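# An overview of the molecular structure
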Amino acid sequence: MPHPELHPANLNEIVRGIVRLFEPRFAVVGQPAVTPELHLDEKLPVIQADATLLHRAVENLILNALDAMPAGGTLTIRTSRQENGVRLEIADSGAGLTREECERLFTPYYTTKQHGTGLGLAIVQSVVADHGGRISVSSEPGHGATFRIDLPARPAVAVAKAPPPVEPKPLFAKRGA
């Protein structure tokens, strides 16, 4: 994953934008409906983040939640302020996960899906860690799953920059110079 380029970001706006993208999928004709419930703290502070990377991570979590609810259900997305940052919770009303599955979910190439690659949640975890945050999951079989992301308002992340270009040295020195 690319290193995050930190700029002021509004987590609520990122969430609203992603939910708008998924609206057609929430009510596909002939398929069970998914009801989105947004509980966004309107006094959420602006954070320093890479909005594009966070967008990818949140989108991946919502896709996973939708996959967990093939019979339809409720997708709950909540933001709240924390002592030094913000929290995002994405919960589904799907089948849930066992304790063992929860412990392995962020392991690369581990998947509970028939056609999954097992990289989605590992990438989400990488994005969150690159922002100085933490991700966790809680679930019980039959009771859905909740993913929690805690992000600092100002991560202590050193964003790597490319080194300055170096002038190439000639292979052969000029004579008489």
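Let us look at the structure shown here. Every value quoted in this text rests on a predicted model; they were computed, and no experiment measured them.

### What about the overall build of the protein?
Broken down by element type, the protein carries four helices and seven strands. When the helices and strands of the protein are read in sequence order from the N terminus, they spell out β-α-β-β-α-β-β-α-α-β-β. By the burial criterion, 37% of the 177 residues in the protein qualify as buried. Put simply, 71% of the contacts in the protein that link residues at least 6 apart link residues at least 24 apart.

### Description of the environment of R25
One can find R25 in helix α1 (residues 11-26). A relative accessible area of 39% means that R25 is categorised as partly exposed. Sequence separation between R25 and L66 is 41 residues; the distance between their C-alpha atoms is 9.0 Å. Setting aside residues no more than four positions away along its own chain, R25 makes contact with L63, L66 and D67.

### Describing the pattern of salt bridges
The full count for this structure, using the stated rule, is eight salt bridges. With a closest N to O distance of 3.3 Å, R148 and E89 form a salt bridge. Residue R148 is located in strand β7 (residues 145-152), and its partner E89 is located in strand β5 (residues 85-92); the two are separated by 59 residues in the primary sequence. By relative accessible area, which is 17% here, E89 ends up buried. In this structure, a network of salt bridges that share partners links the residues E13, R16 and E42.

### Some words on the packing of α1 against helix α2 (residues 51-67)
With their axes 10 Å apart at the nearest point, α1 and α2 run at an angle of 35° to one another. In this structure, the crossing between α1 and α2 has a hand that is right-handed. Together, I14, I18, L21, F22, R25 and F26 of α1 and A51, L54, H55, V58, E59, I62, L63, L66 and D67 of α2 make up the contact between the two elements. In terms of residue class, the contact of α1 with α2 is built from eleven nonpolar, one polar and three charged.

### Description of the sheet that holds strand β2 (residues 34-39)
Overall, mixed pairing links the five strands, which are arranged β2-β4-β5-β7-β6 in an open sheet. Looking at the sheet topology across the chains shown, the edges are occupied by β2 and β6 (134-139). On average, adjacent strands in this sheet sit at an angle of 15° to one another, irrespective of strand direction. In terms of strand pairing, β2 meets strand β4 (residues 73-82) through six bridges, oriented parallel. Residue pairing in the sheet places E37 in a bridge with T76 of β4. The strands that α1 touches are β2, β4 and β5; relative to β4, the one it contacts most, it runs at about 175°. Those strands touched by helix α4 (residues 120-130) are β6 and β7, and its axis lies near 135° from that of β6.

Parameters at a glance
Residues numbered from 1 in each chain as written. Predicted model: local features only at pLDDT ≥ 70, side-chain atom pairs only at ≥ 80, totals over all residues. Heavy atoms only, no water. Helix = DSSP H or I, 4+ residues; strand = E, 2+ residues; numbered from the N terminus. Buried < 20%, exposed > 50% of the residue type's maximum accessible area, 1.4 Å probe, protein only. Contact = heavy atoms within 4.5 Å. Salt bridge = Lys/Arg side-chain N within 4 Å of Asp/Glu carboxyl O. Axes fitted to C-alpha atoms, helices over the stretch in contact; angles between N-to-C directions. Left-handed = near helix turned anticlockwise from the far one by under 90°. Nonpolar A, V, L, I, M, F, W, Y, C, P; charged D, E, K, R; others polar. Pairing = 2+ DSSP bridges.

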